[in-house]
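Chain and residue survey
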Amino acid sequence: MGDCMANAEQQNLQQIFHQSRLNVPRYQRSYAWDEQQVDDLLDDLEYVIERQHELANERDVVHYFGTIVLEEDKKIDSPTPNDWTLYDIVDGQQRITTISLLVGCVCEELAKLQGYVEVDTSTQNSPEELYETYRNMYIKYKNKDNGRRLTPAQLTQNAYSKLVISEQEPDGVLTESNQILPARKLARAKENIQAWLDDHRGSRLDNEIESARQENLHDYFSFLYDVLSAIDDIFEVTKYEVDDTAEAGRLFEVVNDRGKDLTTAEKVKSHLLYCAGEVELLDSEAVARDFNEAVEVITNQGGDEELVDQFIARHWEMFTGETNRSRPQSDINGLHRRIKQLDRYASLERDHKELANWIQTYVESLLDSAGAFYAVYDADHLQDEYSSIDDELVNRIRSIGNSGAASNFRPILMAAYLQLNVLGEDFERVVEVCETFSFRAFEVVNRSTTLLRRSLKQEAHKLYMADWTDEEIEGIFGVLTMDEIYGDVDTAVDEICRFIDEKTAERAPETDFIEHLTRNDIFQGEHTTGWGGFKNKNTILYLLYEYERNLRAGEGDTGLYSLVDFASFSEEAEVEHIAPKNPDIEAAKLEDHDFHKNRLGNQAFLWPEDNKTASNSPYDQKYEDVYSESKVATLEELPEASEGWTVESVEERESRLVDFALERWSGETTGRVIIDEELSREQENEIRSAIQDRNGVRIATVEFALSSEADVSSDEYENKETCSNCGGVYISVSDGEWTCACGSELSVPSYQISQ
């Protein structure tokens, strides 16, 4: 930690409070714990008490409670014969405040037992003696004016005095109309703790305290004693003592990033190492080494603690197949709690051989997967790692990362990275179906980001486990994690791609895709209902970027070579309204300008070096001053200045962009309709709707081919719907009716299928 770390040592909480007065300085945030953090603390208490009973004093139980950083202020007037020291809490005030509140609640329970539970005071403290001892140690010494142990943050001082010092009920604070949020949070924390104690009291006492049996009263009294003992001796912290404010500030940054609680990664590692200390078959150094190396793969690339926790979570979904709605005993929240409490993972109740096998497999999997996670998280890293990887594939991964549902896809992309050749066709195939679904469903059709979250993560697990036998899976988890695990990787790839392709057809069909792309306001939805526009400007930029790539591809390698990658493009390029969004003069407007200005066909992009001074000018001036000089293929295909820019121009360009998008984000399963003449967009959409989901096959893409150009005998296609009269597949369209080439009317258009 460097030379600035003065006097670091492991201490229990009793030592922290002993002969101390603790103060939360003004620069610290006020009380902020929610129900989940309080419940986590209570769950930890139950766990360590249970472990202490199981070990029956065979060995010490220690629970790591994080870091406490204290800055010594001065010696103060002491209420005891021994000197007290005033400390400012630099880090750890949320935990310290909650512990003080918890001890206060337990003391209130002890006061209720006084006079009812019979205790042999020659061998054990009475409830009254325990009450006084712990109130003196953690709350206030003998009710002396200078005896308070803790002065919390300013915004919670009044509530703390009522709830802890004066032992008032939380309702009194919560019903005060002028109470601020930190005070209410402290009151709710007391409610949580009281409810927890009520549950334990109710489970142990057959009646109210006044009429309960002595054996039950003793049981509850013993539980309260265990809680206090655990707080005293088992909850261990790393205490840093600093000498001045400057040092405190440095440590504040270095140790815990401004008061953050332990990360998920830290909690998981702590439990795994605890298990390693309990199980002789485990090498604690090897467990720590593999875990640390996995984390360092992320942090060495610049990843922070939040990204490490993302990795731990995404790996967990891939490794276990767990999602919130599919996991066993879903009432146990928190990844680290599930690891240590569920029998199929790293519960100390498991057979030690099985436990050792699970932990070794888990940390090895973490280490193997860290590089995969970072590669699919940061496409630049993937491109650096595989210099020959196709640029378009890297752009697809970037596109997934830009979507609001990126976390849905990372487990399956990690599994594909680990199981497939990154430069091979199968990896490309998995990425393509994921990106097509992501772009169509999340970026354009605006589906909820929870869509397919559970299914995609389960498919990731199936791919990751595709080459495991049932016996191997049961050997690690004790049970089969899924009803169906694909028997091999090739089958897994086929089934997963088929599944995602069908979901693309179902949840982002081409008709919806077209509808959203052709709305008159793709940005803000001012003239539409239920549409918020592209929430991420990178979505429209990505579509325009891919269109630019498509145009440049027709120019050969030179055009593509000069195009920057999408990461750079999204930072440099700006969306350009061809007909100005805010025109200077009437001549620069379209007919019904406000209705048409935000249509897709009116959007292009400019580079930073392009002349933007004419951005609000009429089209002919913009063309001469900007578009004709820009080295952008998208702008080069615009009409000449003399032709002008009209609503018809917008519609024609919109149609080209939509046709491109349908081809670029097409699905794997393609239906082909053979027609005798070109159809309007409306006619095409009628046919798309008519044949969607026919014969149990959901079709992500429908293409139209002129009969004069189509090769009906191609082995690529299988006839799915043919004329019942002649068996033909050619159709004519007139007034919404479909007719076979032989003249027979068709109830469903004839089509072919390619997969």
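Residues numbered from 1 in each chain as written. Predicted model: local features only at pLDDT ≥ 70, side-chain atom pairs only at ≥ 80, totals over all residues. Heavy atoms only, no water.

**Notes on the overall build of the protein**
- When helices and strands are counted, the protein shows 30 helices and 15 strands.
- The 755 residues of the protein split such that 54% are buried.
- Pairs at least 24 residues apart make up 72% of the contacts formed inside the protein by residues separated by at least 6 positions.
- Taking the average location of the 73 positive side-chain charges in the protein and that of its 153 negative ones, the two points are 6 Å from each other. (Helix = DSSP H or I, 4+ residues; strand = E, 2+ residues; numbered from the N terminus. Buried < 20%, exposed > 50% of the residue type's maximum accessible area, 1.4 Å probe, protein only. Contact = heavy atoms within 4.5 Å. Lys, Arg positive; Asp, Glu negative; His and termini not counted. Charge placed at Lys NZ, Arg CZ, Asp CG, Glu CD.)

**Side note on helix α16 (residues 391-402)**
- Between its terminal C-alpha atoms α16 stretches 16 Å, which fits the 16 Å expected from 12 residues at 1.5 Å a residue.
- L393, V394, N395, R396, I397, R398, S399 and I400 are the residues of α16 that are buried.
- Two or three places before E392, at the opening of α16, D390 has a side-chain oxygen 3.1 Å from that residue's backbone nitrogen. (Expected span 1.5 Å × (residues − 1). Polar contact = N/O pair within 3.5 Å; in protein donor to acceptor, adjacent residues only side chain to side chain.)

**Quick notes on the nonpolar core**
- I99, Y138, L272, W358 and Y362 are the most contacted members of the largest nonpolar core, which has 156 residues in total.
- Broken down by element, the residue count for this core peaks at 13 residues, all from helix α14 (residues 352-377).
- Excluding its chain neighbours within four sequence positions, the residues that come into contact with I99 are L13, F17, L41, F65, Y138, I231 and F235. (Core = buried A, V, L, I, M, F, W, Y, C linked by side-chain atoms within 4.5 Å.)

**Examining the environment of A492**
- Note that A492 resides in helix α21 (residues 489-507).
- A492 gets classed as buried once you look at its relative accessible area, which sits at 0%.
- A C-alpha to C-alpha distance of 8.5 Å links A492 and E459, two positions 33 residues apart in sequence.
- Among residues more than four places away in sequence, those in contact with A492 are L463, A466 and Y486.

**Points about the pattern of salt bridges**
- Using the criterion set out here, one finds 46 salt bridges in the structure.
- Where D290 meets R289, a salt bridge forms, and the shortest distance between an N and an O atom there is 4.0 Å.
- When its relative accessible area of 12% is taken as the criterion, D290 is described as buried.
- Here E322 makes a salt bridge to R338, at a shortest N to O gap of 3.0 Å. Taken together, the residues span a long stretch of sequence, with E322 in the loop between α12 (305-320) and α13 (335-341) and R338 in helix α13 at a distance of 16 residues. Each member of the pair E322 and R338 is classed as buried.
- A network of salt bridges, in which partner residues are shared, links D40, D43, D44, R337 and K340. (Salt bridge = Lys/Arg side-chain N within 4 Å of Asp/Glu carboxyl O.)

**Examining the side chain of N598**
- Structurally, N598 is set in the loop between α26 (593-596) and β8 (603-606).
- Residue class for N598 comes out buried when judged on its relative accessible area of 4%.
- Setting aside residues no more than four positions away along its own chain, N598 makes contact with N520, D521, I522, F523, H577 and Q603.

**Remarks on unusual backbone geometry**
- The phi angle at Q19 is positive, at roughly 50 degrees, despite the residue not being glycine.
- Mapped onto the secondary structure, Q19 falls in the loop between α1 (13-17) and β2 (20-23).
- We note that N143 has phi near 60 degrees; this positive angle belongs to a residue other than glycine.
- Along the polypeptide, N143 turns up in the loop between α4 (127-138) and β5 (150-151).

**Focus: the pairing of strand β3 (residues 63-76)**
- As defined by bridge partners, β3 adjoins strand β6 (residues 235-242) across 7 bridges and the pair is classed as parallel. Note that in β6 the partner of H63 across the bridge is F235.
- With 7 bridges connecting them, β3 and strand β4 (residues 84-91) associate as antiparallel partners. Its bridge partner being in β4, V69 is matched across the sheet by D91. (Pairing = 2+ DSSP bridges.)

**Quick notes on the environment of D494**
- Its place among the elements puts D494 in helix α21.
- You can call D494 partly exposed: its relative accessible area is 39%.

**Focus: the side chain of R519**
- Counting through the fold element by element, R519 comes out in the loop between α22 (510-517) and α23 (537-553).
- In this structure the side chain of R519 is engaged in a polar contact, spanning 2.8 Å, whose partner is the side chain of E515.

**Considering the confidence of the model for the protein**
- Here the protein shows a mean pLDDT of 87. Residues at 70 or above account for 91%.
- For the protein, per-element mean pLDDT is lowest for helix α9 (residues 245-256), which scores 48, and highest for helix α29 (residues 647-664), which scores 97.
- This stretch, residues 1-6, has a pLDDT under 50; its non-local contacts, to residues over four places away or in other chains, come to 15 contacts.
- Low confidence marks residues 526-530, where pLDDT is under 50. Its contacts with residues over four positions away, or in another chain, come to 7 contacts. (pLDDT = per-residue confidence, 0-100.)

**Here we look at the packing of α16 against α23**
- In contact at an axis separation of 11 Å, α16 and α23 are set at 170 degrees when each is read in the N-to-C sense. One element, α16, and the other, α23, form an angle in the roughly antiparallel class. Taking contact as the criterion, the partners of D391, E392, N395, R396, S399 and N402 in α16 are, on α23, N538, Y542, Y545, E546 and R549.
- The residue inventory of the contact of α16 with α23, partitioned by class, reads 2 nonpolar, 4 polar and 5 charged. (Axes fitted to C-alpha atoms, helices over the stretch in contact; angles between N-to-C directions. Parallel < 35°, antiparallel > 145°, perpendicular 65-115°, else oblique. Nonpolar A, V, L, I, M, F, W, Y, C, P; charged D, E, K, R; others polar.)

**Looking at the environment of L282**
- Tracing the sequence through the fold places L282 in the loop between α10 (264-278) and α11 (284-299).
- With 10 residues separating them in the primary sequence, L282 and L272 have C-alpha atoms 9.8 Å apart.
- What L282 contacts, discounting residues up to four positions off in sequence, is C275, A276, V287, A356, I359 and Q360.

**Let's talk about helix α20 (residues 470-477)**
- Along α20, the positions that sit buried rather than exposed are I473, I476 and F477. Angularly, the buried residues of α20 cover 80 degrees about the axis, an arc narrow enough to put them on a single face.
- Where α20 is buried, its residues touch α12 and α14.
- Once α20 ends, the next one or two residues include G478, with phi positive near 85 degrees. (Arc of directions from axis to C-beta.)

**Quick word on the state of the cysteines**
- With the rule as written, the count across this model stands at 0 disulfides.
- C105 supplies the cysteine sulfur nearest to C107, a cysteine that is in no disulfide, at a spacing of 9.4 Å.
- Judged by its relative accessible area of 0%, C107 falls in the buried class. (Disulfide = S-S within 2.5 Å.)

**Some points on the packing of helix α18 (residues 425-444) against α22**
- Contact geometry for α18 and α22: axes closest at 10 Å, N-to-C directions at 50 degrees. Between α18 and α22, the angle is such that the two are oblique. Where α18 crosses over α22, the two elements pack in a sense that is left-handed. Contacts between α18 and α22 involve F439, R440 and V444 from the first element and E510, F513, H516 and L517 from the second.
- Classifying every residue of the contact of α18 with α22 gives 4 nonpolar, 1 polar and 2 charged. (Left-handed = near helix turned anticlockwise from the far one by under 90°.)

**Focus: the packing of aromatic side chains**
- All told, the structure shown has 37 aromatic pairs when counted by the stated rule.
- Both rings, one in F437 and one in F442, keep their centres 5.5 Å apart while their planes meet at 85 degrees; by these two values the pair is edge-to-face.
- Residue class for F437 comes out buried when judged on its relative accessible area of 0%.
- Classification of F442 as buried rests on a relative accessible area of 6%.
- With 6.4 Å between their ring centres and 80 degrees between their planes, F439 and F513 make a pair best called edge-to-face. Remark: F513 occurs in helix α22 and F439 occurs in helix α18; sequence separation between them is 74 residues.
- Residue classification places F439 among the buried residues on the basis of a relative accessible area of 1%.
- For F513, a relative accessible area of 0% puts it in the buried group.
- Every member of this aromatic cluster is reached through a ring pair, and the members are F439, F513, Y542, Y545, Y547, F566, F569, F605, W607, F660 and W665.
- Between the NZ or CZ atom of K340 and the centre of the ring of Y47, over which it lies, the distance is 4.3 Å. (Phe/Tyr/Trp six-rings, centres within 6.5 Å; stacked < 30°, edge-to-face > 60°. Lys NZ or Arg CZ within 6 Å of the ring centre and 35° of its normal.)

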